[in-house]
4 protein chains.
Amino acid sequence: MTAAELQAFLTREFTQVADDFAVERADQAGVCLRLRVQDKHLRPGGTVSGPTIFALADVAMYLAILARIGPAALAVTTNCSLDFMRKPAAGVDMLAEARVLKLGRSLAVGDVLLFSQGLNEPVARANLTYSIPPAR
Amino acid sequence: MTAAELQAFLTREFTQVADDFAVERADQAGVCLRLRVQDKHLRPGGTVSGPTIFALADVAMYLAILARIGPAALAVTTNCSLDFMRKPAAGVDMLAEARVLKLGRSLAVGDVLLFSQGLNEPVARANLTYSIPPAR
Amino acid sequence: MTAAELQAFLTREFTQVADDFAVERADQAGVCLRLRVQDKHLRPGGTVSGPTIFALADVAMYLAILARIGPAALAVTTNCSLDFMRKPAAGVDMLAEARVLKLGRSLAVGDVLLFSQGLNEPVARANLTYSIPPAR
Amino acid sequence: MTAAELQAFLTREFTQVADDFAVERADQAGVCLRLRVQDKHLRPGGTVSGPTIFALADVAMYLAILARIGPAALAVTTNCSLDFMRKPAAGVDMLAEARVLKLGRSLAVGDVLLFSQGLNEPVARANLTYSIPPAR
């Protein structure tokens, strides 16, 4: 699936959050997903909240898997390990770089680096595992 | 800190989410925190979303640490590993049982089991590590 | 499977390490496994090494799963997350308390607390996920 | 520290395992460490064992941190999360590519991809966190 197809999939299937995310790139290396940071994503102090970072990592990896196996497939998050390494910068979007490390018949494994736009050092890193149910 | 003191702390410091959470119990064994499930916590299909489960685990462990070291302290989440094991039940609250496994000078480590109310098998499990900055 | 059956399984299938481990208990709550600490398990300074703690956690959880699904089954470790919380005590055995949190058709999830014998505070904590291949 | 200095450090401080490991590269991108696979590293079936993979990841990341902060420093593993993704190839060495993602005053975070020599797809992936005690 291309970046445009992934974006259309988000809009169709996840209406309520589709506006939060923009698929910047989708290729062999993985998917880059932008979070359009809004007030609802912030916690006191003005930085992006932990649950929002979790959501960004999870959606980015989900799309990276779909890009490889197509939109008909289901994939269910079974594990997410998040390292919070730096405070996000205030007032800028976040970018997630997701790559698939293993795509097996029943499990997919990948990782995500999350950045505040314009900064080189990652804010957080996530590792995710998905269960892929057998096709019916 | 007692359950009532923790609840008051939530109300004071985390105004925008304090109504989502009720401290059910706080004692030597840890903290039990209720998530009052509302529409905003659900994803398509009607079950509690991943970011909401993350938030519940993080707040429960944070309060379990504060219960031991007091409200003046700061604690910053550095790692959260979540295993999603079962689909949450629809239409019921969730309960998080958090316990502190290590409370060091600079690191606290604990785990959380998350349940849909009325069910015996956990929906999810979280392990969290917090950095505790030196007192000033 | 009982503790004696699990021990016999270890002796038969894992000859080269079976003497390192003693199954102390196997019941509904899980499995308690003893590591008979020997020089080969230590690192400089005389405490139990990280790889040894990994091995103890992995074997304990593997046996806890077998206790539930029987010795014919295969289970392959897909994730292990270890928190090292305290230095092991020198000169004593270690004990691992493993419990299964989810036993699905294709995935098993559990956790392990690891203690130096005689101490109440855990040395380490592990979370493990296993893939259970379909029966043939 | 250069690759040669890291190798000399291993030989001096970790005599009993120094022969297992060869520092292939150390630069800004991180450290590449070779495991010279021997019988003692194998489990039944002839593939590299889980505890050996843990050890390889832990030593590789430890050296990647030392390369940045120097040999006088101490660093203690506080968390290691390992995803086992493929069976290692039999009869070949393993290579670990470790990179430091955060080097803070008290915490270092990094990840490691582990390969069987000659194969492009990683056997395993590790994420590690180290506590760096204050200098004395």
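Only a predicted model underlies this, so the values are computations on that prediction, with no experimental measurement involved.

## Observations regarding the interface of chain B and chain A
Across the boundary between the two partners, chain B contributes 13 residues, which contact 13 residues of chain A. Of all elements in the fold, only α3 (50-69) and β3 (76-84) of chain B reach the threshold of two or more residues within the side of chain B that touches chain A. Top element by residues in the side of chain B that touches chain A is β3 of chain B. It accounts for eight residues. Tallied by class, the residues present in the side of chain B that touches chain A amount to six nonpolar, five polar and two charged. One ladder, built from five bridges, connects strand β3 (residues 76-84) of chain A with β3 of chain B; its direction is antiparallel. The residue bridging Ser81 of chain A from the neighbouring strand is Ser81 of chain B, located in β3 of chain B.

## A few points about the relation of the copies chain D and chain C
Relative to chain C, chain D is turned by 180° and slid 0.0 Å along the rotation axis, the superposed coordinates differing by an RMSD of 0.0 Å. Within this description, the copies of the chain are treated as partners about a two-fold rotation axis. Within chain D, the C-alpha atom positioned nearest to the axis of rotation is that of Ser81 of chain D, 1.9 Å from it. A symmetric contact is evident, with 100% of the interface residues of chain D recurring at the interface of chain C.

## Structural notes on the interface of chain D and chain C
Contacts between the two partners involve 13 residues from chain D and, on the opposite side, 13 residues from chain C. Mapped by element, the contributors of at least two residues to the side of chain D that touches chain C are α3 (50-69) and β3 (76-84) of chain D. If you tally residues by element for the side of chain D that touches chain C, the top one is β3 of chain D, at eight residues. Residues that form the side of chain D that touches chain C fall into these classes: six nonpolar, five polar and two charged.

## Quick notes on the pairing of strand β5 (residues 107-116) of chain B
Residue and element names in this part refer to chain B. Counted residue by residue, β5 has ten buried out of ten residues, so it is predominantly covered. Residues Leu107, Val109, Asp111, Leu113 and Phe115 line one face of β5 and the alternating positions Ala108, Gly110, Val112, Leu114 and Ser116 line the opposite face, and both faces are buried. Two strands pair when backbone bridges link them, and strand β4 (residues 94-103) and β5 are joined in this way by nine bridges, in the antiparallel orientation. Residue pairing in the sheet places Met94 in a bridge with Ser116 of β5. What sits between the antiparallel neighbours β4 and β5 is a turn of three residues. Sheet topology places β5 next to strand β6 (residues 124-131); eight bridges connect them, and they run antiparallel. Residue pairing across strands places Leu114 opposite Ala124, the latter belonging to β6.

## Points about the relation of the copies chain B and chain A
Expressed as a screw operation, the relation of chain B to chain A combines 0.0 Å of axial shift with a rotation of 180°, fitting to an RMSD of 0.0 Å. With an isologous cut-off of 70% or more, the 100% of interface residues of chain B that recur at the interface of chain A puts this contact in the isologous class.

## Looking at the sheet that holds strand β1 (residues 21-27) of chain A
Taken together, the twelve strands give an open sheet; going across it, the order is β1(A)-β2(A)-β4(A)-β5(A)-β6(A)-β3(A)-β3(B)-β6(B)-β5(B)-β4(B)-β2(B)-β1(B), and neighbouring strands pair in antiparallel fashion. Among the strands making up the open sheet, the edge pair consists of β1 of chain A together with β1 (21-27) of chain B. When the angles between neighbouring strand axes are averaged without regard to direction, this sheet yields 20°. As defined by bridge partners, β1 of chain B adjoins strand β2 (residues 30-35) of chain B across six bridges and the pair is classed as antiparallel. Bridged to Phe21 of chain B within β2 of chain B is Leu35 of chain B.

## A few points about the nonpolar core
One finds Ala57 of chain A, Ala57 of chain B, Ala57 of chain C together with Ala57 of chain D to be the most contacted residues of the largest nonpolar core, which totals 187 residues. For Ala57 of chain D, the residues in contact, after removing those within four places along its chain, are Cys80, Leu82, Ala96, Val112, Leu114, Ala126 and Leu128 of chain D.

## Section: the packing of helix α3 (residues 50-69) of chain C against α3 of chain D
At a closest axis distance of 8 Å, the pairing of α3 of chain C and α3 of chain D adopts a crossing angle of 145°. Here the hand of the crossing between α3 of chain C and α3 of chain D comes out right-handed. Across from Gly50, Pro51, Phe54, Ala55 and Asp58 of chain C in α3 of chain C, the residues of α3 of chain D making contact are Gly50, Pro51, Phe54, Ala55 and Asp58 of chain D. Partitioning the contact of α3 of chain C with α3 of chain D into residue classes produces six nonpolar, two polar and two charged.

## Points about the environment of Asp20 of chain C
All names here are of chain C. As for its position among the elements, Asp20 is in the loop between α2 (15-18) and β1 (21-27). A count of 20 C-beta atoms within 10 Å places Asp20 in the buried class. In the structure, Asp20 is positioned 36 residues away from Leu56 in sequence and 9.3 Å away in space, judged by C-alpha atoms. Leaving out residues up to four positions away in the same chain, Asp20 has contacts with Leu35 and Arg36.

The rules behind each value
Residues numbered from 1 in each chain as written. Chains lettered and ligands numbered in written order. Predicted model: local features only at pLDDT ≥ 70, side-chain atom pairs only at ≥ 80, totals over all residues. Contact = placed C-beta atoms within 7 Å. Helix = DSSP H or I, 4+ residues; strand = E, 2+ residues; numbered from the N terminus. Nonpolar A, V, L, I, M, F, W, Y, C, P; charged D, E, K, R; others polar. Pairing = 2+ DSSP bridges. Least-squares fit on C-alpha atoms with pLDDT ≥ 70 in both. Buried ≥ 20, exposed ≤ 12 C-beta atoms within 10 Å, placed from the backbone. Axes fitted to C-alpha atoms, helices over the stretch in contact; angles between N-to-C directions. Core = buried A, V, L, I, M, F, W, Y, C linked by C-beta atoms within 7 Å. Left-handed = near helix turned anticlockwise from the far one by under 90°.

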